[in-house]
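# Notes for the structure review
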Amino acid sequence: MHIEPGLLAQSKLLFAAGAAAVVFVPYVPTLLKNPTLWLRTALASVFFSLFMQGFHMQAGPSELHFVGAMPIYLAFGFIPTLFAFGFGLLLQGTLFEPQDLVHLAVNTLSLTVPLIALHYTLGRKLKEVTITTLLKLDGAYYAGVVVMVGFWLTQTEVATPWSGWAVFASSYIPFVVAEPLFTFAVLWMLQRFVQTRVGAVCFAVQPKLKTGIA
């Protein structure tokens, strides 16, 4: 979901920075008023950065990363995950990929806009977690990421063939299939821990886990 440096003009980067500010500003008061959210955001940022750095490869005109969006979203909650995407990309860029800092706002929007759309549709209605619901969540989220990357590719200074975007889009299919199993395993392992005092502070309340695929 990274847009490579040099593809977008300065005016587009300024637009992305302004749009990112518009996305985050409404949630800043909620974050600042709740120290528990600070901790969850910090933890989510670290896990997200590790996931991103742990697996990444070139895929068409962009990069394919293991985002781990659903395990982070369901383990830490919406607002920590939202800010973790921004802070995590900043952390990853500062420590590992400084050239990506140029497109920090662009890449942040590619992850946060689909998250917001998911949260206010499927996410808020989630009462229990099954493999089937996780497949729906992952499918919807990564479809949003792919659309966002496609949007940015239409704004580049260099024409990008749609076949390249299709290669990137199809590369996410294995993640949509495999990540629900990873997410379910993470939530299962956290079930007992979130019932402790420390666990309740570090992690959001989990939706009920249900075995099976229905």
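Just so you know, these numbers come straight off a predicted model, no measurement behind them. (Residues numbered from 1 in each chain as written. Predicted model: local features only at pLDDT ≥ 70, side-chain atom pairs only at ≥ 80, totals over all residues. Heavy atoms only, no water.)

## A closer look at the packing of helix 8 (residues 162-171) against helix 9 (residues 173-193)
Helix-helix packing: each pair is described by the crossing angle between the helix axes and the interaxial distance. Spelled out, the test is: As a rule, the C-alpha atoms of each element are fitted with a line to give its axis, helices using only the stretch in contact, and angles between N-to-C directions run from 0 to 180 degrees. For the purposes of this entry, the term helix denotes a DSSP run of H or I that reaches at least four residues, the term strand denotes a run of E that reaches at least two, and both are numbered from the N terminus. Geometric relationships in this document are graded by angle, where less than 35 degrees denotes roughly parallel, more than 145 denotes roughly antiparallel, 65 to 115 denotes roughly perpendicular, and other angles denote oblique. Should any heavy atoms of two residues lie within 4.5 Å, those residues are counted as being in contact.
Two elements in contact, helix 8 and helix 9, have axes separated by 4 Å at closest approach and are oriented at 15°. Judged by the angle between their axes, helix 8 and helix 9 are roughly parallel. Facing helix 8, whose interface residues are A169, S170 and S171, helix 9 presents I173, P174 and F175.

## Looking at the packing of aromatic side chains
Definition in use: Classification of ring pairs rests on two measures: the distance between centres of Phe, Tyr or Trp rings, Trp counted by its six-membered ring, which must be within 6.5 Å, and the angle between planes, read as stacked under 30 degrees, edge-to-face over 60 and tilted in between.
In total, this model carries 13 aromatic pairs according to the counting rule given. Through a chain of ring-to-ring contacts, three or more aromatic side chains come together here, namely F47, F51, F76, F182, F193 and F203.

## Re the confidence of the model for the chain
Detailed reading of the predicted coordinates is not advisable wherever pLDDT is low. For the record, the criterion: By definition, pLDDT measures how confident the predictor is in each residue, and it falls between 0 and 100.
With 93% of its residues at a pLDDT of 70 or more, the chain has an overall mean of 87. The secondary structure element of the chain with the lowest average pLDDT is strand 2 (residues 56-59), at 68, and the one with the highest is helix 2 (residues 28-33), at 97.

## With respect to helix 8
Within an α-helix, residues lying three or four positions from one another point in the same direction, as the helix has 3.6 residues per turn. We count it as follows: Relative accessible area decides the class of each residue, using a 1.4 Å probe on protein chains only: under 20% of the type maximum gives buried, over 50% gives exposed, and in between gives partly exposed. Here the arc refers to the directions that run from the helix axis out to each C-beta atom.
Looking only at helix 8, the buried set comprises G164, F168 and A169. Along the axis of helix 8, the buried residues cluster in a sector spanning 140°; they form a single face. Exposed side chains of helix 8 directed beyond 90 degrees from the buried face belong to W162 and S163.

## Some points on a nonpolar patch on the surface
We count it as follows: Residues with no salt bridge and a relative accessible area higher than 30% make up the patches, which join like charges within 9 Å and nonpolar side chains (Val, Leu, Ile, Met, Phe, Trp, Tyr) within 5 Å. Accessibility throughout is a Shrake-Rupley quantity obtained with a 1.4 Å probe, and a residue counts as covered only by protein chains that appear here. Within this document, salt bridges are pairs made up of a side-chain nitrogen of Lys or Arg and a carboxyl oxygen of Asp or Glu, the two lying within 4 Å of each other.
Residues V46, F47, L50, L91, L95 and F96 make up a contiguous nonpolar surface patch of roughly 550 Å² in combined accessible area. Of all the secondary-structure elements, those providing two or more residues to the nonpolar patch are helix 3 (35-54) and helix 5 (78-95). Residue contributions to the nonpolar patch peak at 3 residues, all from helix 3. By the element assignment, L50 lies in helix 3.

## Side note on empty space enclosed by the protein
The line we're drawing: Residues are called lining when one of their atoms sits within 4 Å of a cavity or pocket point, these points coming from a 1 Å grid over the protein atoms alone, where a cavity is a set in which a 1.4 Å probe fits but cannot get out and a pocket is an open set with protein on both sides within 12 Å along at least five of seven lines. Grid points are joined across faces, edges and corners, and a volume is the space filled by probe spheres set on the points. Polarity classes work like this: nonpolar for Ala, Val, Leu, Ile, Met, Phe, Trp, Tyr, Cys and Pro, charged for Asp, Glu, Lys and Arg, and polar for all others, with Gly in that last group.
A complete count under the given rule lists 1 cavity of 30 Å³ or more for this structure. Lining of the largest cavity is provided by H2, L89, Q92, D100, L101, H103, L104 and N107. Contributions of two or more residues to the lining of the largest cavity are made by helix 5 and helix 6 (104-119). Its residues placed into classes, the lining of the largest cavity shows 3 nonpolar, 4 polar and 1 charged.

## Remarks on the environment of G77
Looking at the element boundaries, G77 is found in the loop between helix 4 (69-76) and helix 5. Note: C-alpha distance between G77 and T41 (36 residues apart in sequence) is 9.0 Å. G77 has contacts with I72 and A204, leaving out every residue within four places of it along the chain.

## Points about the layout of surface pockets
Taken as a whole, the largest pocket encloses approximately 220 Å³ of empty space. Contributing to the lining of the largest pocket are 15 residues, with Y73, G77, F78, A204 and V205 lying nearest its centre. Those elements that provide at least two residues to the lining of the largest pocket are helix 3, helix 4 and helix 5. The class makeup of the residues in the lining of the largest pocket is 11 nonpolar, 3 polar and 1 charged.

## What about the nonpolar core?
Put simply, the rule is: Put simply, a nonpolar core is a bunch of buried Ala, Val, Leu, Ile, Met, Phe, Trp, Tyr and Cys residues held in one set by side-chain atoms that sit within 4.5 Å of each other.
Among the nonpolar cores identified, the biggest contains 64 residues, and V67 and Y141 are the most heavily contacted of them. Among the secondary structure elements, those contributing two or more residues to this core are helix 1 (10-24), helix 3, helix 4, helix 5, helix 6, helix 7 (131-154), helix 8 and helix 9. Among the elements that line this core, the one with the most residues is helix 7, at 11 residues.

## Concerning the environment of A105
Within the secondary structure, A105 is located in helix 6. Sequence separation between A105 and A17 is 88 residues, and the spatial gap between their C-alpha atoms is 5.2 Å. Those residues in contact with A105 that sit more than four places away from it in its chain are A16, A17 and A20.

## As for the side chain of T183
With respect to the secondary-structure elements, T183 resides in helix 9. Apart from residues lying up to four places away in sequence, T183 is in contact with M70, P71, L74 and L134.

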